[in-house]
Amino acid sequence: MRPYRVLLIGALVAAVCIRLGFWQVSRLRQRLAFKAKVEARMRRPTFEVTARSALPVVTFGTPDSLSYNPGAARGVFDFAHQLVLMGRTVDEVPAVYVVTPLHLFGGAAVLVERGWVPSPDAYTVNLDSLGEPDTAEVKGVLLTVTAARAPTTQDTTWPVHLQSDDPSRLAASFPYPLLPWVLRRTEPPGGTPAGLRPIPAPVIDNGPHLSYAIQWFSFALIALVGSIVLYRKTVKEGRGR
């Protein structure tokens, strides 16, 4: 191999690594902007969820415009149509989320993530021990859940075990309309079953993008320095011969 090709390969590798490093910096900026947006939404006044809550979507733009907004709803829990979100982990403990529709006064319902329960196989749960008064006032945070594909399950009876509680994917399974949000309860009332624990509020951190960017820039530096060292060694050996 001719000596200058070592420098060329090193430069090409370094250029690719630098490009990937700046890409991670761009991802970090996007993440920080999203984090700021979420934090701003969480400081908004509490949105009262009612059977007519789909109407403000026209004003706000899309259901996502209320995602991460504090929310409150009053209604009656429909314990006959509960969902179990399997395969969850909370503080490194295998768990399931218990999701119960809250039938609002007026016809529609909103899916409420009532809490999580430890489960050794992240599937099995005894819902009979997790009952609470039917009529409830729920306070928490509104979330927009989007499933990549339609939920698949072998269950044919309630409760249904699923990976996602995307209302748009599940609407056909319920005998009443579902609002486009999920209300994650963060303030359980005093009568909440002891085994049902509050699901942690969503936390948006900076992600790993900064460390990834540093790694790619380090690889670029290693490629450049290594190619220069190898070039000088190759030239020196060529002169010796």
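You'll find the structure just up there.
The structure displayed is predicted, hence computed values, not measured ones.

## What to know about the overall build of the chain
Inference 1: Helices and strands together make up the secondary structure of the chain, namely four helices and eight strands.
Inference 2: Considering the chain as a whole, with its 241 residues, one finds that 39% of them fall into the buried category.
Inference 3: Sequence-distant contacts in the chain: of pairs separated by 6 or more residues, those separated by 24 or more amount to 73%.
Inference 4: Carbon and sulfur atoms make up 59% of the accessible area of the chain, which amounts to about 13,800 Å² in all.

## As for the nonpolar core
Inference 1: Grouped together as the largest cluster of nonpolar side chains are 18 residues, with contacts concentrated most on Leu 83, Leu 111 and Phe 174.
Inference 2: Sorting the residues of this core by element identifies β3 (83-90), β4 (93-104), β5 (109-118), β7 (160-162) and β8 (178-185) as the ones contributing at least two each.
Inference 3: Each residue touching Leu 111, except ones within four places of it in the same chain, is listed here: Leu 83, Val 99, Thr 100, Pro 101, Asp 165, Pro 167, Leu 170, Phe 174, Leu 178, Trp 181, Val 182 and Leu 183.
Inference 4: Counting residues in hydrophobic clusters, the runner-up holds 16 residues, among them Leu 66, Val 110, Ala 136 and Leu 179.

## A word on the pattern of salt bridges
Inference 1: Tallying each qualifying case throughout the model produces six salt bridges.
Inference 2: Put simply, Arg 31 and Asp 205 hold a salt bridge, and the shortest N to O gap is 3.0 Å. Of this pair, Arg 31 sits in helix α1 (residues 3-42) while Asp 205 is found in the loop between β8 and α4 (209-240), placing the two residues 174 residues apart along the sequence.
Inference 3: Residue classification places Arg 31 among the partly exposed positions, given a relative accessible area of 29%.
Inference 4: Notably, a salt bridge pairs Glu 113 with Arg 184, separated by 2.7 Å at the nearest N-O pair. Of this pair, Glu 113 sits in strand β5 while Arg 184 sits in strand β8, and the two are 71 residues apart along the sequence. Like Glu 113, the residue Arg 184 is buried in the burial classification.
Inference 5: Here the salt bridges share partners, and the residues they tie into one network are Glu 48, Arg 74 and Glu 137.

## Thoughts on a nonpolar patch on the surface
Inference 1: A cluster of nonpolar side chains, Leu 221, Leu 224, Val 225 and Val 229, forms an exposed patch at the surface whose accessible area comes to about 350 Å².
Inference 2: For Val 225, the position within the fold is in helix α4.

## Thoughts on the packing of aromatic side chains
Inference 1: Tallied over the full model, the rule gives seven aromatic pairs.
Inference 2: Both rings, one in Phe 22 and one in Phe 217, keep their centres 5.3 Å apart while their planes meet at 75°; by these two values the pair is edge-to-face. Placement of the pair is Phe 22 in helix α1 and Phe 217 in helix α4, with a sequence separation of 195 residues.
Inference 3: Taking 6.2 Å as the distance between ring centres and 65° as the angle between the ring planes, the aromatic pair formed by Phe 47 and Trp 181 counts as edge-to-face. Of the two residues, Phe 47 sits in strand β1 (residues 47-49) while Trp 181 sits in strand β8, which places them 134 residues apart along the sequence.
Inference 4: Take Trp 181: its relative accessible area is 0%, and that puts it in the buried class.
Inference 5: Among the aromatic side chains, those forming a connected cluster through ring pairs are Trp 158, Phe 174 and Tyr 176.
Inference 6: Above the face of the Tyr 97 ring, Arg 88 is positioned so that its terminal group lies 5.2 Å from the ring centre.
Inference 7: When the ring centre of Phe 77 is taken as reference, the NZ or CZ atom of Arg 114 above it lies at 5.8 Å.

## Remarks on unusual backbone geometry
Negative phi is the rule for most residues except glycine; trans is the rule for most peptide bonds.
Inference 1: Of the consecutive residues Trp 158 and Pro 159, the connecting peptide bond is found in the cis state with omega at 0°.
Inference 2: Tracing the sequence through the fold places Pro 159 in the loop between β6 (135-143) and β7.
Inference 3: Backbone geometry places Asp 91, a non-glycine residue, at a positive phi of 55°.
Inference 4: Along the chain, the position of Asp 91 falls in the loop between β3 and β4.

## A word on the environment of His 161
Inference 1: By secondary structure assignment, the location of His 161 is in strand β7.
Inference 2: A distance of 3.2 Å separates the side chain of His 161 from the backbone oxygen of Tyr 123, its partner in a polar contact.

## Comments concerning the side chain of Asp 165
Inference 1: As for its placement among the helices and strands, Asp 165 is situated in the loop between β7 and α3 (167-170).
Inference 2: One buried charge, Asp 165, has no salt-bridge partner; the nearest side chain with opposite charge is Arg 88, at 5.4 Å.
Inference 3: Residues in contact with Asp 165, not counting those within four places in the same chain, are Leu 83, Leu 85, Val 99, Leu 111, Glu 113, Val 145, Leu 170 and Val 182.

Conventions and cut-offs
- Residues numbered from 1 in each chain as written.
- Predicted model: local features only at pLDDT ≥ 70, side-chain atom pairs only at ≥ 80, totals over all residues.
- Heavy atoms only, no water.
- Helix = DSSP H or I, 4+ residues; strand = E, 2+ residues; numbered from the N terminus.
- Buried < 20%, exposed > 50% of the residue type's maximum accessible area, 1.4 Å probe, protein only.
- Contact = heavy atoms within 4.5 Å.
- Areas by Shrake-Rupley, 256 points an atom, 1.4 Å probe, with all protein chains shown as cover.
- Core = buried A, V, L, I, M, F, W, Y, C linked by side-chain atoms within 4.5 Å.
- Salt bridge = Lys/Arg side-chain N within 4 Å of Asp/Glu carboxyl O.
- Patch = residues over 30% accessible without salt bridge, like charges linked within 9 Å, V, L, I, M, F, W, Y side chains within 5 Å.
- Phe/Tyr/Trp six-rings, centres within 6.5 Å; stacked < 30°, edge-to-face > 60°.
- Lys NZ or Arg CZ within 6 Å of the ring centre and 35° of its normal.
- Polar contact = N/O pair within 3.5 Å; in protein donor to acceptor, adjacent residues only side chain to side chain.
- Lys, Arg positive; Asp, Glu negative; His and termini not counted.

Scope: geometric values only; no functional claims are made or implied.
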